[in-house]
Amino acid sequence: MSLATPALPAWPYPRWVAHRGAGKLAPENTLAAFRLGANHGYRMFECDVKLSSDGVPFLMHDATLQRTTNARAKLGQGQSAVGGDHAWGALSQLDAGSWHSRAYAGEPLATLDAVAAYCIRNGYFLNIEIKPTPGTERHTGEMVAQHAARLWAGQAVPPLLTSFDPEALEGAQATQPELPRGLLLDTLWKGWLETALGLGCQAIVCNHALWDRSTVTQAHSAGFRTLSYTVNDEWAVQRLIDLGTDAIITDRVDLFSPA
């Protein structure tokens, strides 16, 4: 007699997730990107969150400021390029839109507080990728979880906290164990499933190419939801749907309708 796969726990999040707000159509990780993604019908967003030097959680993917802000011109020569080395007062003055296009000139960096207010007021869901400045992994996980618990207090659906860094997820787990967590993977390194179990994760978030029948079955059998990044092609979407995965993170909010 074969044993049935155990039922997965309830999952309140939609299948379609807009990467960094609206993928590449607006300056990533800004409120402008969230608004554009929402205009395309998306109800869940992924974003990257790190800490300023004075402990303010803000949205940015890279460790350094050059690619997506005017920090080099604004902060001057000799200043650190690392975002986490600066206080929020200085970071809040940066232009995080001009690098993308003139239409977004002057768009500021976003705080987690501002993004939370936008999502909660509009009934949107959020996947917060904890993106620590190197050397602050556990502390960043602790602080992001504390802020998320405060901001979403009393809400029916909390944000999903994810990270590539197990130490950051350990910090989140120790500080706010009730918040759902997901382990991000760009390779299937030895012990990935056991690590996710040990971290009390609810989800595995993989580079979409890593999912096949075997890995999806392993994850689902262990009780995990299966999410994929960053999926921008129709053939890849169809493959993931056929495999029975649970969510798709995409840049192509203009191509895939989440309805």
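Before reading on, note that the structure itself is shown above.
Let me begin by describing the structure that accompanies this report. The structure displayed is predicted, hence computed values, not measured ones. (Residues numbered from 1 in each chain as written. Predicted model: local features only at pLDDT ≥ 70, side-chain atom pairs only at ≥ 80, totals over all residues. Heavy atoms only, no water.)

### Here's the deal with the overall build of the protein
Piece 1. The helix and strand inventory of the protein stands at nine helices and nine strands.
Piece 2. The C-alpha radius of gyration of the protein comes to 18 Å, within 12% of the 18 Å expected for a compact globule of 259 residues.
Piece 3. With the principal axes as the frame, the protein shows a C-alpha extent of 70 × 40 × 35 Å.
Piece 4. Taken across its 259 residues, the protein has 52% of its residues classed as buried.
Piece 5. Looking at the protein alone, contacts between residues at least 24 apart form 58% of all its contacts between residues at least 6 apart.
Piece 6. Element-wise, carbon and sulfur atoms account for 51% of the exposed surface of the protein, whose accessible area totals about 11,300 Å².
Piece 7. Across the protein, the 20 positively charged side chains and the 25 negatively charged ones have centroids separated by 4 Å. (Helix = DSSP H or I, 4+ residues; strand = E, 2+ residues; numbered from the N terminus. Rg over C-alpha atoms; globule rule 2.2 N^0.38 Å. Buried < 20%, exposed > 50% of the residue type's maximum accessible area, 1.4 Å probe, protein only. Contact = heavy atoms within 4.5 Å. Areas by Shrake-Rupley, 256 points an atom, 1.4 Å probe, with all protein chains shown as cover. Lys, Arg positive; Asp, Glu negative; His and termini not counted. Charge placed at Lys NZ, Arg CZ, Asp CG, Glu CD.)

### Things to note about the nonpolar core
Piece 1. Phe34, Leu126, Ile128 and Ile204 are the most contacted members of the largest nonpolar core, which totals 57 residues.
Piece 2. If we ignore the near neighbours within four places in the chain, the residues touching Leu126 are Phe34, Met44, Phe45, Cys47, Leu112, Val115, Cys119, Trp152, Pro159 and Leu160. (Core = buried A, V, L, I, M, F, W, Y, C linked by side-chain atoms within 4.5 Å.)

### Points about the environment of Trp99
Piece 1. Relative to the assigned elements, Trp99 resides in the loop between helix H3 (88-91) and helix H4 (112-122).
Piece 2. By relative accessible area, Trp99 is classed as partly exposed at 33%.
Piece 3. For Trp99 and Thr68, which are 31 residues apart along the polypeptide, the C-alpha to C-alpha distance reads 5.9 Å.
Piece 4. Those residues in contact with Trp99 that sit more than four places away from it in its chain are Pro27, Glu28, Arg67, Thr68 and Thr69.
Piece 5. Only 2.9 Å separates the side chain of Trp99 from the backbone oxygen of Ala96, close enough to count as a polar contact. (Polar contact = N/O pair within 3.5 Å; in protein donor to acceptor, adjacent residues only side chain to side chain.)

### Some details on unusual backbone geometry
It is generally the case that most residues other than glycine have a negative phi and that most peptide bonds are trans.
Piece 1. Phi at Arg20 takes a positive value of approximately 55°, unusual for a residue other than glycine.
Piece 2. When you line up the elements, Arg20 lands in the loop between strand E1 (16-19) and helix H1 (31-39).
Piece 3. For Arg20, a relative accessible area of 16% corresponds to the buried category.
Piece 4. The phi dihedral of Asn29 is positive, around 60°, even though this residue is not glycine.
Piece 5. Judged by relative accessible area, which is 2%, Asn29 ranks as buried.

### Some words on the pairing of strand E7 (residues 203-207)
One face of the sheet, then the other: side chains in a regular strand alternate in exactly this way.
Piece 1. With four of five residues buried, E7 is to be regarded as a mostly interior element.
Piece 2. The β-α-β motif built from strand E6 (residues 181-185), the intervening helix H7 (residues 192-198) and the parallel element E7 has right-handed crossover chirality.
Piece 3. Looking at chain direction, E7 and strand E8 (residues 225-229) are connected through five bridges and run parallel. Each bridged residue has a counterpart across the sheet, and for Asn207 the counterpart in E8 is Tyr229.
Piece 4. With helix H8 (residues 213-221) bridging E7 and the parallel E8, this β-α-β connection has right-handed handedness. (Right-handed = clockwise from strand over helix to strand, strands pointing away. Pairing = 2+ DSSP bridges.)

### Quick notes on the packing of H4 against helix H5 (residues 137-151)
Axis angle and axis distance: for two packed helices, these are the angle between their axes and the distance between the axes, and together they describe the pair.
Piece 1. Running from N to C, H4 and H5 cross one another at 35°; their axes reach a closest spacing of 10 Å. For the pair H4 and H5, the crossing hand works out as right-handed. On H5, the residues that touch Leu112, Asp113, Ala116 and Ile120 of H4 are His147, Arg150 and Leu151.
Piece 2. Residue classes in the contact of H4 with H5 are distributed as four nonpolar, one polar and two charged. (Axes fitted to C-alpha atoms, helices over the stretch in contact; angles between N-to-C directions. Left-handed = near helix turned anticlockwise from the far one by under 90°. Nonpolar A, V, L, I, M, F, W, Y, C, P; charged D, E, K, R; others polar.)

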